[in-house]
Structure formats: C-alpha cells, structure tokens
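Here's the letter readout for the chains.
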Amino acid sequence: MFDVFLTEPFVPFTISLALLFGLLTLELVLALLGGSLLGMGADADVDLDMADLGDLDLGLDAADLADVELADLDADYDTGQTSTLDAGPISWLGMGKVPVMIWIAALLLGFGLAGLILQQLISSILGFALPASLAILPAAFVGLWFARTFSVVFARLLPKTETSALSNRHLGRRTGKVTQGTAKRGAPAEVRVTDRHGNFHYLRAEPLKDAETIPAGTNVLVLRHRANDGYRLVPLAAGL
C-alpha cells in the first residue's frame with residue numbers, strides 16, 4: 001500500500017513530508033542536547049521601536065555610560081512574532097511573524113498533505129493520479145495558504161505565553177515616562193515603558209547620574225544597568 005507513495009505522481013509530496021519528519025527528528029535530537037532548530041530565524045528581526053542612541057543628544061560622557069548596556073545585547077529580539085515588513089508578498093505569506101524554520105515546517109506539512117490527498121482523490125474518481133507537474137501547483141497554493149494561516153494564528157498565541165520576566169529583561173534602550181514619584185539616587189521612581197507588542201510595563205529605576213533628580217511626568221530613556229541587572233534613567237528633552 002505504501003509503495004504507491006513512492007511512485008512518480010506522489011514523490012514530491014512524499015519527499016515534502018519526509019523532510020518535515022527529518023526536521024522534527026533533528027529538532028528532537030537538538031532539544032535533548034539543549035538546542036533548537038525551529039527557533040532559527042527568531043532573532044532576525046530587530047525591534048525598530050528601540051531608541052537609537054546615536055540620534056539622541058543625551059549629554060553623557062564615557063564615565064556616565066560605563067555601567068550600562070549600550071550594544072545590541074539590549075536589543076529586543078523576539079521569537080519572530082513581529083515582522084519588520086509591513087507590506088508585500090513576503091509579509092502576506094506570514095514570513096517574519098514566526099521563526100523561519102517554523103514557517104518552512106508549516107509549508108512542508110501543508111504542501112505534502114494537500115498533494116497526497118489530491119492525488120488520492122483523483123485516483124479514486126478517475127482511476128489514475130495526475131502527473132506530478134500538474135498536482136504540484138494546487139498543492140503549492142494550499143501549502144502557502146496553510147503556512148500563512150498557521151503563522152498568523154501562531155503569532156497571535158505567542159505573546160500570551162511570554163512571561164513578564166522575559167519581557168522585563170528586554171526593556172533596555174526604550175523610552176518611557178516617570179509616572180509616580182521623583183527619581184533620584186537611592187529613591188527610585190515608577191516608570192512606564194511600552195514593549196514591542198504595545199504592552200505597558202511598570203518598573204522602578206534611579207537616574208543614571210548621581211546628582212540628578214527626575215520628577216513625575218518626565219520622558220526618559222531607560223538603560224540596562226550591568227551591576228544589579230536593573231535600570232537607569234536619562235531624562236529626554238520635550239518632544240523626544
């Protein structure tokens with residue numbers, strides 16, 4: 001019975017499912033070793049909402065910045081939830097909404113199953129399967145549609161599984177606003193920061209400079225602090 005799946009009309013779809021099975025097997029092996037294959041591509045999209053320190057005149061010198069993270073280590077990378085592509089066929093297909101390998105796995109699954117089902121249906125009606133070159137086109141359409149639909153649904157579910165602890169580690173180099181209290185050294189104030197998903201986070205932080213005080217209502221730049229894994233605030237001029 002399974003020999004029919006190795007015949008010419010079925011081969012492209014059998015190979016597709018075999019590749020999917022190979023990816024899942026490799027993912028299982030890597031998971032046992034503490035790695036992941038399906039997460040590849042998750043770090044490809046930099047959060048463009050983060051402040052570009054090169055464009056801001058903060059009035060800080062090297063001594064002020066010695067204990068804060070300024071490099072891409074603070075960049076709010078994600079598991080592929082948010083794409084930087086707002087339009088075009090790539091965005092429409094769902095690429096960028098999820099890690100690339102997950103999108104490919106969904107495409108392989110949709111293409112393989114659609115092709116096998118189509119060929120089986122044609123065989124039961126006409127008594128013979130379509131040539132592979134003809135069956136590939138509708139199967140590819142279904143595969144792309146399935147990958148797009150899966151990516152959209154998967155992307156909507158991902159933010160719900162993100163822990164606040166993970167989010168809080170990725171709030172550096174963002175702009176926020178002091179909402180309660182006056183921030184000064186030894187007396188942190190409450191600051192509201194928005195993450196890349198539009199969620200509000202409230203944290204407590206002190207000014208970066210020792211002698212500085214930052215009252216409520218001030219727009220600030222939030223920087224990660226190396227020493228205590230906390231945050232330091234830099235006041236921003238009005239309009240920034």
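None of the values given here were measured: they were computed from a predicted structure.

*Asks:* I'm lost on the overall build of the chain in this one. Help?
*Replies:* Helix and strand counts for the chain stand at five helices and seven strands. Put simply, the chain runs from its N terminus to its C terminus through helices and strands in the order α-α-α-α-α-β-β-β-β-β-β-β. Across the 240 residues of the chain, 37% fall into the buried class. In the chain, the proportion of contacts linking residues at least 24 apart, taken out of those at least 6 apart, comes to 66%. Carbon and sulfur atoms make up 65% of the accessible area of the chain, which amounts to about 13400 Å² in all.

*Asks:* Please clarify how the side chain of Ser151 should be interpreted in this entry.
*Replies:* In this fold, Ser151 is placed in helix H4 (residues 132–161). For Ser151, a relative accessible area of 0% translates into the label buried. In this structure the side chain of Ser151 is engaged in a polar contact, spanning 2.7 Å, whose partner is the backbone oxygen of Ala147. Residues in contact with Ser151, not counting those within four places in the same chain, are Gly94, Lys97, Val98 and Trp103.

*Asks:* What is the right way to look at the environment of Thr175 in this model?
*Replies:* In this fold, Thr175 is placed in strand S1 (residues 174–180). Separated by 19 residues in the primary sequence, Thr175 and Thr194 have C-alpha atoms spaced 7.9 Å apart.

*Asks:* Can you help me understand the pattern of salt bridges in this one?
*Replies:* Side-chain pairs of opposite charge can arise where the charged atoms are in close proximity. Throughout the structure, instances matching the rule amount to two salt bridges. Residue Glu206 is joined to Arg185 by a salt bridge in which the shortest nitrogen-to-oxygen separation is 3.0 Å. Highlighted residues: Glu206 in strand S4 (residues 200–207) and Arg185 in the loop between strand S2 (183–184) and strand S3 (189–194), separated in sequence by 21 residues. Judged by its relative accessible area of 16%, Glu206 is buried. Arg185 sits in the partly exposed class, given a relative accessible area of 35%. With a closest N to O distance of 2.3 Å, Asp210 and Arg185 form a salt bridge. A residue pair is termed long-range when its members are at least 10 positions apart, and Asp210 in the loop between S4 and strand S5 (213–214) and Arg185 in the loop between S2 and S3 qualify at 25 residues. Linked by salt bridges that have partners in common, Arg185, Glu206 and Asp210 make up one network.

*Asks:* What's the story with the packing of aromatic side chains in this structure? I'm lost.
*Replies:* Going through the model one piece at a time under the given rule, you end up with three aromatic pairs. Ring centres of Phe150 and Phe154 lie 5.5 Å apart, and the angle between their planes is 15 degrees; on these two criteria the pair is classed as stacked. Here Phe154 and Phe150 lie together in helix H4, a separation of four residues that amounts to about one turn. With relative accessibility at 32%, the residue Phe150 sits in the partly exposed group. Residue class for Phe154 comes out partly exposed when judged on its relative accessible area of 25%. Put simply, the rings of Phe146, Phe150 and Phe154 pair up and form one aromatic cluster.

*Asks:* Got a minute to help me understand the pairing of S1 in this structure?
*Replies:* For a regular strand, side-chain orientation follows a simple rule: the groups alternate between the two sheet faces. In the sheet, S1 pairs with strand S6 (residues 219–224) via four bridges, with the strands oriented antiparallel. Following the sheet pairing, Lys177 is matched in S6 by Asn219. Looking at chain direction, S1 and S3 are connected through four bridges and run antiparallel. Note that in S3 the partner of Lys177 across the bridge is Arg192.

*Asks:* Mind showing me how you'd approach the nonpolar core here?
*Replies:* Inside soluble globular proteins, nonpolar side chains tend to come together where they are buried. In this structure, Val178, Val191, Leu203, Val220, Val222 and Leu233 are the most contacted members of the largest nonpolar core, which totals 13 residues. For this core, the secondary-structure elements that each account for two or more residues are S3, S4, S6 and strand S7 (231–235). The element contributing the most residues to this core is S3, with three residues. Beyond its immediate chain neighbours, meaning those up to four positions away, Val222 contacts Leu171, Gly172, Arg173, Arg174, Val191, Val193, Tyr231, Arg232 and Leu233. Counting nine residues, the second largest nonpolar core, distinct from the first, contains Ala114, Leu116, Ala129 and Ala135.

*Asks:* Before we go on, may I ask you to explain the sheet that holds S1 in this structure?
*Replies:* Sheet strands associate in pairs through backbone hydrogen bonding, adopting either a parallel or an antiparallel arrangement. Taken in spatial order, the five strands of this closed barrel run S1-S3-S4-S7-S6, and their pairing is mixed. Taken pair by pair, the neighbouring strands of this sheet meet at an average axis angle of 55 degrees, ignoring direction.

Reading the values: the criteria
Residues numbered from 1 in each chain as written. Predicted model: local features only at pLDDT ≥ 70, side-chain atom pairs only at ≥ 80, totals over all residues. Heavy atoms only, no water. Helix = DSSP H or I, 4+ residues; strand = E, 2+ residues; numbered from the N terminus. Buried < 20%, exposed > 50% of the residue type's maximum accessible area, 1.4 Å probe, protein only. Contact = heavy atoms within 4.5 Å. Areas by Shrake-Rupley, 256 points an atom, 1.4 Å probe, with all protein chains shown as cover. Polar contact = N/O pair within 3.5 Å; in protein donor to acceptor, adjacent residues only side chain to side chain. Salt bridge = Lys/Arg side-chain N within 4 Å of Asp/Glu carboxyl O. Phe/Tyr/Trp six-rings, centres within 6.5 Å; stacked < 30°, edge-to-face > 60°. Pairing = 2+ DSSP bridges. Core = buried A, V, L, I, M, F, W, Y, C linked by side-chain atoms within 4.5 Å. Axes fitted to C-alpha atoms, helices over the stretch in contact; angles between N-to-C directions.

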